[in-house]
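# Breakdown of the fold
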Amino acid sequence: MERVDGHIACRGERRGLGVWLLVLGVVLVWGVEEGYGEFTSKNHAKLKAALEEDVRADRDIDGVLSYEEYKVWVEGRRHHRWEKGKFKGKVRGRMSMVLPTGELLITDFADSNMRHDLVRMGWKVEGEVFGHHLSQTTRMVRRRVGRYSGQYLLTSLVLGDGGIGRLLSPEFEVEMGYVEFLLSGGNVPGRVCVNLLHEGKVVRTATGQNDDRLGYVAFDVKAFKGKMVRIEIVDSSRDVWGHLNVDRIVQTEKVRGKRIISEGPKARSLRRGFVETLGGRVAGDIRIGAGGLEVDGKGVKLEEMLLAVIYGGEKKPGSILPHEIRFVNGERWRVRFVGYKDGKVGVESGSLGRREIPMGQVASLEFKPGIEKVGKAGMIYREGGEPIEGKLVWIRDRDIAVDCALGVVPLPRASVTRFVVQDVKGVLRGGGTRRVVDEVGLLDGSVLKGVLKEGGKGLSLQHGTLGVIGLSWESIRYVRRESGAVGWLDGLRVLKQELSGPVSPPPGPRVVRDKGKRALRVVRMMPGTKSRYETGVKSGRAVLRGRVAAVEGARAKVVVKILTGGKAVWSTEIGLGRDERAFSVALPKGEGFTIELSYAGAIAFPSGVDWLDAHVLMMDGNASDE
C-alpha cells in the first residue's frame, strides 16, 4: 500500500493480519477509501464528473482527481457558493470502494468483529442478531449455505430463528444499474428481507426462499441513478425460517443471477384477515376497492360472503366508549350510560346517537366491559363488595341506586361493574334457535344485528331498533351472514348431548375466544363429548365444513368423528401442538349430524379440540328459518 499523487492505491500485497483486516474493514469512510483498486476519477464516475465540471479541482495537476481533492473541491464550492442553485455544497453520503471488476463495493461483511466494524462504517445496528458472523472455515456453514465471498458471512441464525434485529446502512449514491448481493434464508416478506430505501420508503425488497443455499439477487436501480439510498436488512420473525444470510453487496452493471427485482413491493394493507365465501376460505390483505371489499386484490361481493374477519384498523383515542349494553338477542353496543327512567336506560354513542332502550330488550348493563362471566338476574355487581339483589332505581354521574332489602341504596358509580337484567341461555345448551339475521362487529367493540345490504364503500344495515344505518368498511371488525343457506355451529339447536369421562363428565361444548386470529367463533369440545345437532335443512343437499384444531397446550391426541344416521362419515385424529384440519362433509337430506370425541391413546390434560367457524351450508333445497 502506497500513497500516489494524493490518493491511495492498494496493490493487494499481504502485510500481516492486522493490516489485512484493516484493508478488509475500512470500506465506507469519510477519508480516503482503501480497497482493491485505485480510487480516482479513472474508475469512479462521480470524481470524473467533478473534474470535467471544474478543472481547478485537480490540485496537483496530474490530470486525475483523487477523493481527497474531490472533498476539497466540494468544500470550496460550498464556501464560495458555486452551486448555482443545484449543488448542495457537501459530499452527498459516503462513496463506495471500487473493485478490480469496476463494481462498487457497499460492504462484504469481512470483519470478524462484525458489530464493531458495521458501526465504524456508519451502519445502524439494532437488535441482538446482527453483531455476529458465520465463518467460511466452518464445515457446517459450507455445507449449509455454499460458497460466499471472503471469510465471513452476515447471518441472523447464530441465535436461532428466535433472534431479531435490523441493520441500516449509511446513505450512498446510486451510480450503476444494479445493486446485487448474495441472499438465502426464510421466505417471510416484509419481516425477513433485504430492502432498498429511498427517502425512507422501501422501493425494492427481497426475501429468502426457505432455503439456506446462497443465491444472487439484484435490485434494478436504474431509475434511481444519482439519488441517495440505503440498504436495510431486517429480521423481525421468531418463527421457523425466521432468519436470513447476506453477503457481498455491490453496485454493478452486470448481474450474475436470475433473480432481478425491478419494481417496488406491493403496498401492504394495514389490515389483514380472511373471508369465508360460498366457494371456500380466502385469507390475506384486506383493502377497500372501488367495488367494496378486496382480499389480496380480488373483490368479494356481499352475496357471496358468509363471514369476513378483518384484523387491525385504527382505534382513535377516545373512540372506545366506557360502557356496554348487552341485549338478549346477542347484540352489544359500546355506549355511555346517561340515565334510567320509566323502565328505559338512556345511552349515547357517537355513531348511534342518544337513545332510550326498554329494559325488556336488555340482558345486562356493563359499567366495566370485559367481564364475560354471566351473573344472576336482578343482581348488581361491584368491586370490593358483595353483589346486591334489587331493582334499578336510577343511574347518575356519581352513583347508581338499587331498591333492595335494605331499601334504596345508592352505590358509588366507580365501584359498580355490571347490572344483570335477565338471564340469557347459551345457544349450545340446547335452547338455541336459528334466526335469519346478519351480525356486524365494529372496531369500537359494538355488535349489531339486522339485514345487510351493500352500498358504495360500505354497508347499510336494516336494524330493528335503529332503522337503516350506514357502516363504512373502515369501521368494521367482522361480518357474519345469517340466512336459510347457512347455519353456524355455535347457533345450531342441540338435540341430544352425552358427556362421559374417566373420572367425571367433561364440560359441555362452549364458545371461547380465539387468541390466535384463526377464526371468529370457536366452539371448544372435550373428549367424552357426543352432541347431536339439528341442521334446519328440510330437503336438498347440505355440507358441514370448517376447520378443527387441537386446543392450545394439548397433551393428548383426540379422535374426532362426524356421524349421520349412526354411521361415521368423517373421522380424523387430532394430534398435539398446532395440528389443524379442514373438513367438508356431505349431509343426508333432512337429517342432522352428531359430533363424537374420544381419546386416541393415553389420557392427559389439557385435551380437546376447537371447531373454527364450523357451519352447515345448504347447497340447494329448503331450510327452516325461525
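Small disclaimer: the values here were computed from a predicted structure and weren't measured. (Residues numbered from 1 in each chain as written. Predicted model: local features only at pLDDT ≥ 70, side-chain atom pairs only at ≥ 80, totals over all residues. Heavy atoms only, no water.)

Of the residues in the chain, 78% have a pLDDT of 70 or more, and the chain-wide mean is 80. Low pLDDT, under 50, characterises residues 80-93; the stretch is placed with 21 contacts to residues that sit more than four places away or in other chains. In the predicted structure, residues 426-434 sits below a pLDDT of 50 and forms 31 contacts with residues beyond four places in sequence or in another chain. (pLDDT = per-residue confidence, 0-100. Contact = heavy atoms within 4.5 Å.)

As a further point, take the packing of aromatic side chains. With the rule as written, the count across this model stands at nine aromatic pairs. Centre to centre, the rings of F181 and F219 are 5.1 Å apart; their planes meet at 70 degrees, and the pair counts as edge-to-face. On the criterion of sequence distance, the pair formed by F181 in strand β10 (residues 178-185) and F219 in strand β13 (residues 211-220) is long-range, its members being 38 residues apart. Both residues of the pair, F181 and F219, belong to the buried class. Both rings, one in F327 and one in W333, keep their centres 4.8 Å apart while their planes meet at 55 degrees; by these two values the pair is tilted. Taking the relative accessible area as the measure of exposure, F327 reaches 7% and is therefore buried. Residue class for W333 comes out buried when judged on its relative accessible area of 1%. The rings of W570, F583 and W611 are connected pair by pair, giving a single aromatic cluster. (Phe/Tyr/Trp six-rings, centres within 6.5 Å; stacked < 30°, edge-to-face > 60°. Helix = DSSP H or I, 4+ residues; strand = E, 2+ residues; numbered from the N terminus. Buried < 20%, exposed > 50% of the residue type's maximum accessible area, 1.4 Å probe, protein only.)

To continue, consider helix α2 (residues 45-53). If you check which residues of α2 are buried, you get K46, L47, A50 and L51. Here the buried residues of α2 occupy an arc of 135 degrees about the axis, which is enough to place them on one side. Looking at α2, the residues exposed on the side facing more than 90 degrees away from the buried face are A45, E52 and E53. (Arc of directions from axis to C-beta.)

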